[in-house]
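For reference, the chains in residue letters:
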Amino acid sequence: MMIADLGARAMGLLDPETAHRMTVMALKTGLGPRASKETPRLEINVAGLSFPNPLGLAAGFDKNAEVPNAMLNMGFGFVEVGAVTPRPQAGNSKPRVFRLRDDAAVINRYGFNNDGLEVIAGRLRSRERRGIIGINLGANKDSEDRTEDYVTGVKGLAGLVDFYTVNISSPNTPGLRTLQDKSALSDLLTRVQNARNEASPDTPVFLKIAPDLADEDKADIAEIAQKLALDALIVSNTTIARPESLRSHSAPEAGGLSGRPLFAPSTALLREFYQEVGGVIPLIGVGGISSARDAYEKILGGASLVQLYTALIYEGPALVPQIIDDLIGYLDKDGFRTINEAIGAGHS
């Protein structure tokens, strides 16, 4: 759903889903920008993986693993594709994505629409292997055993990705978020880790959580994450909350809200989890990042890595190298030699 810098101011006149599809098609032809740049001070090791910089593309843009390398070319330090479900899935009925221009936000209720595990695995198998690529794992809407769907994803993508993300926090698949309950989550992650240990023992497992958690849920997730030695927590997915500050006429639409309004609550949640698991489990900060200042604030709050997506819709791909360049400036300003020194520094 990117608009700027792809030769398409007219994209903004199209409905969001059509614009998104056309952007992916353009990237597949090789029209995307190339802005890769070595930034030794931003290099970081997380979960045994060496990232050239901490800025990643969040899941949702490249749902079907069609353009992961094109996104790496933009300067991202890593790319997360998906979500993928075992069987192909059409998702929810259209329209299902809405721009909230006045709020620099988006509401989507896609519902894990994707080409399915077999097709996506084939694309990942045939791509030129470079960079760090992760896969966001989901469950089919009509699955009788959703936990088994995640296990199937792990086995089917073994050796094709650099990390797995267990996504149980999308608000657009009915009942999915119940997997965040303590007993269900413990069973899910244990089965996923067992499958990983058998199929691809060196591949990290991340867990993506919702921003709309009760205090008891937060404590349970922190406890389970530490008990099972998760490789990282991604904080956070889209929100079902609707802040009173929203001005766009599409604000009442059902679905997950992303973009600028999510920055404050997702960063507050990130800081909470850093207090609980900081130094033991790495955190990946997502939600509302549209500048280096935003990314840096999440890093100071405890994020080892950050991800964005929605801001690309409004700012275009030039945002990626701009954030990378500006992060160096923030390190200089605060006297940090490397990005590692800044992680969690906002708590001291």
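Here the structure is a predicted model, which means the values were calculated and not measured.

Novice: Please give an account of the sheet that holds strand 11 (residues 256-259) that cites residues and values.
Specialist: Judged by pairing direction, the sheet is antiparallel, and its three strands sit side by side in the order 5-6-11 without closing on themselves. Each having just a single partner strand, strand 5 (97-100) and strand 11 make up the two edges of the open sheet. Neighbour-to-neighbour, the strand axes of the sheet open up by a mean angle of 20°, direction not taken into account. Of the pairings in the sheet, the one linking strand 5 to strand 6 (residues 105-108) comprises four bridges and is antiparallel in character. Residue pairing for strand 6: Leu-100 is matched across the bridge by Ala-105.

Novice: Run through the sheet that holds strand 9 (residues 205-209), naming residues and quoting values.
Specialist: The eight strands lie next to each other as 3-4-7-8-9-10-12-13, forming a closed barrel whose pairing is parallel. Taken pair by pair, the neighbouring strands of this sheet meet at an average axis angle of 25°, ignoring direction. Of the strand pairs in this sheet, strand 3 (residues 55-57) and strand 4 (residues 78-84) are connected by two bridges, and their pairing is parallel. Directly across from Gly-56, in strand 4, lies its bridge partner Phe-78. Lying on the sheet, helix 4 (residues 146-156) is in contact with strand 7 (133-137) and strand 8 (163-167); it crosses strand 8 at an angle near 165°.

Novice: So what about the pattern of salt bridges? Which residues, and what values?
Specialist: With the rule as written, the count across this model stands at 20 salt bridges. We note a salt bridge from Glu-66 to Lys-28, for which the minimum N-O separation is 3.2 Å. Of this pair, Glu-66 sits in the loop between strand 3 and helix 2 (68-73) while Lys-28 sits in helix 1 (residues 16-28), placing them 38 residues apart in sequence. Owing to a relative accessible area of 48%, Lys-28 belongs among the partly exposed residues under this scheme.

Novice: Tell me what's going on with the confidence of the model for the protein chain, and back it up with residues and numbers.
Specialist: Residues of the protein chain with pLDDT of at least 70 account for 96%, and the chain-wide mean is 94. Every residue in residues 1-8 is under pLDDT 50, and counting partners more than four places away or in other chains gives 35 contacts.

Novice: An account of unusual backbone geometry is requested, with residue identities and associated values reported.
Specialist: In this structure, the amide linkage connecting Gly-82 to the following residue, Ala-83, adopts the cis form with an omega of 15°. With respect to the helices and strands, Ala-83 occurs in strand 4. Along the chain, Val-235 connects to Ser-236 via a cis peptide bond; the corresponding omega equals 10°. Counting through the fold element by element, Ser-236 comes out in the loop between strand 10 (232-235) and strand 11. Its identity as a non-glycine residue notwithstanding, Ala-65 has a phi of 55°, on the positive side. Here Ala-65 shows up in the loop between strand 3 and helix 2. A residue is classified by how much of its surface remains accessible, and Ala-65, at 5% relative accessible area, is buried. Phi at Phe-112 takes a positive value of approximately 55°, unusual for a residue other than glycine.

Novice: Tell me what's going on with helix 8 (residues 292-300), and back it up with residues and numbers.
Specialist: Along an α-helix, residues three or four positions apart point the same way, because every turn accommodates 3.6 residues. In terms of burial, helix 8 is largely enclosed, as seven of its nine residues are buried. Along helix 8, the residues classified as buried are Ala-292, Asp-294, Ala-295, Tyr-296, Lys-298, Ile-299 and Leu-300. Against helix 7 (263-277), strand 12 (283-286), strand 13 (303-308), helix 10 (319-334) and helix 11 (339-342) lie the buried residues of helix 8. Remark: Gly-302 follows helix 8 within two positions and exhibits a positive phi of approximately 130°.

Novice: So what's going on with the packing of aromatic side chains? Which residues, and what values?
Specialist: By convention here, two paired aromatic rings are described through the distance between centres and the angle between planes. Counted by the stated rule, this structure contains five aromatic pairs. A ring pair is formed by Phe-51 and Phe-78, whose centres lie 5.0 Å apart and whose planes are at 80°; its orientation type is edge-to-face. With Phe-51 in strand 2 (residues 49-51) and Phe-78 in strand 4, the pair connects residues that are 27 residues apart, well separated along the chain. Overall, the relative accessible area of 0% leaves Phe-78 in the buried class. Ring geometry for Phe-78 against Phe-163: centres 6.2 Å apart, planes inclined by 65°, an arrangement best described as edge-to-face. Here the residue Phe-78 occupies a position in strand 4, and Phe-163 occupies one in strand 8, the gap between them amounting to 85 residues. Residues Phe-78 and Phe-163 agree in their burial class; the two are buried. Each member of the aromatic cluster is reached from another via a ring pair, and the members are Phe-51, Phe-78, Phe-163 and Phe-206. The positively charged end of Lys-63 is found above the aromatic ring belonging to Tyr-110, 4.2 Å away from the centroid. Here the basic side chain of Arg-260 rests over the ring of Phe-263, its NZ or CZ set 5.4 Å away from the ring centre.

Conventions adopted
Residues numbered from 1 in each chain as written. Predicted model: local features only at pLDDT ≥ 70, side-chain atom pairs only at ≥ 80, totals over all residues. Heavy atoms only, no water. Pairing = 2+ DSSP bridges. Helix = DSSP H or I, 4+ residues; strand = E, 2+ residues; numbered from the N terminus. Axes fitted to C-alpha atoms, helices over the stretch in contact; angles between N-to-C directions. Contact = heavy atoms within 4.5 Å. Salt bridge = Lys/Arg side-chain N within 4 Å of Asp/Glu carboxyl O. Buried < 20%, exposed > 50% of the residue type's maximum accessible area, 1.4 Å probe, protein only. pLDDT = per-residue confidence, 0-100. Phe/Tyr/Trp six-rings, centres within 6.5 Å; stacked < 30°, edge-to-face > 60°. Lys NZ or Arg CZ within 6 Å of the ring centre and 35° of its normal.

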